[in-house]
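Geometric and topological summary
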Amino acid sequence: MVNRACRIVSTEGFGKPGDRIIVTAGVPLGTPGATNMLRIAYIGSDGQSGI
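This section reports on the structure supplied with the text. Since the structure is predicted, the reported quantities are computational estimates derived from the model, not experimental observations.

1. A look at the nonpolar core
- Counting residues in each nonpolar core, the largest one holds seven residues, listed as Val2, Cys6, Val9, Ile21, Val23, Ala41 and Ile43.
- Looking at this core, the element that brings in the most residues is helix α1 (residues 2–11), giving three residues.
- Dropping the residues within four chain positions of it, Ile43 is found in contact with Cys6, Val9, Ser10, Gly15, Lys16, Pro17, Gly18, Asp19, Ile21 and Gln48.

This is how it looks when you write it as structure tokens:
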């Protein structure tokens, strides 16, 4: 999920390699108020999530 978010941000031109993004999600998906994950990731040189 994080790799996909980084790839979309990079592909759509919202960010570039080295930029940081915030990804939020919740389980079960689609349930309002169920956000239980927050991740700060950065876009790697290949457009995927860096380490």
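So much for the structure itself; the text now carries on.
2. Re the pattern of salt bridges
- Going through the model one piece at a time under the given rule, you end up with one salt bridge.
- In this structure, Asp19 engages Lys16 in a salt bridge whose closest nitrogen and oxygen atoms are separated by 3.4 Å.

3. Quick notes on a nonpolar patch on the surface
- Among the surface-exposed residues, Ile22, Leu38 and Ile40 lie close enough to one another that they form a single nonpolar patch of about 360 Å² accessible area.
- Relative to the helices and strands, Ile40 is located in strand β2 (residues 35–42).
- A relative accessible area of 58% means that Ile40 is categorised as exposed.

The rules behind the values
- Residues numbered from 1 in each chain as written.
- Predicted model: local features only at pLDDT ≥ 70, side-chain atom pairs only at ≥ 80, totals over all residues.
- Heavy atoms only, no water.
- Core = buried A, V, L, I, M, F, W, Y, C linked by side-chain atoms within 4.5 Å.
- Buried < 20%, exposed > 50% of the residue type's maximum accessible area, 1.4 Å probe, protein only.
- Helix = DSSP H or I, 4+ residues; strand = E, 2+ residues; numbered from the N terminus.
- Contact = heavy atoms within 4.5 Å.
- Salt bridge = Lys/Arg side-chain N within 4 Å of Asp/Glu carboxyl O.
- Patch = residues over 30% accessible without salt bridge, like charges linked within 9 Å, V, L, I, M, F, W, Y side chains within 5 Å.
- Areas by Shrake-Rupley, 256 points an atom, 1.4 Å probe, with all protein chains shown as cover.

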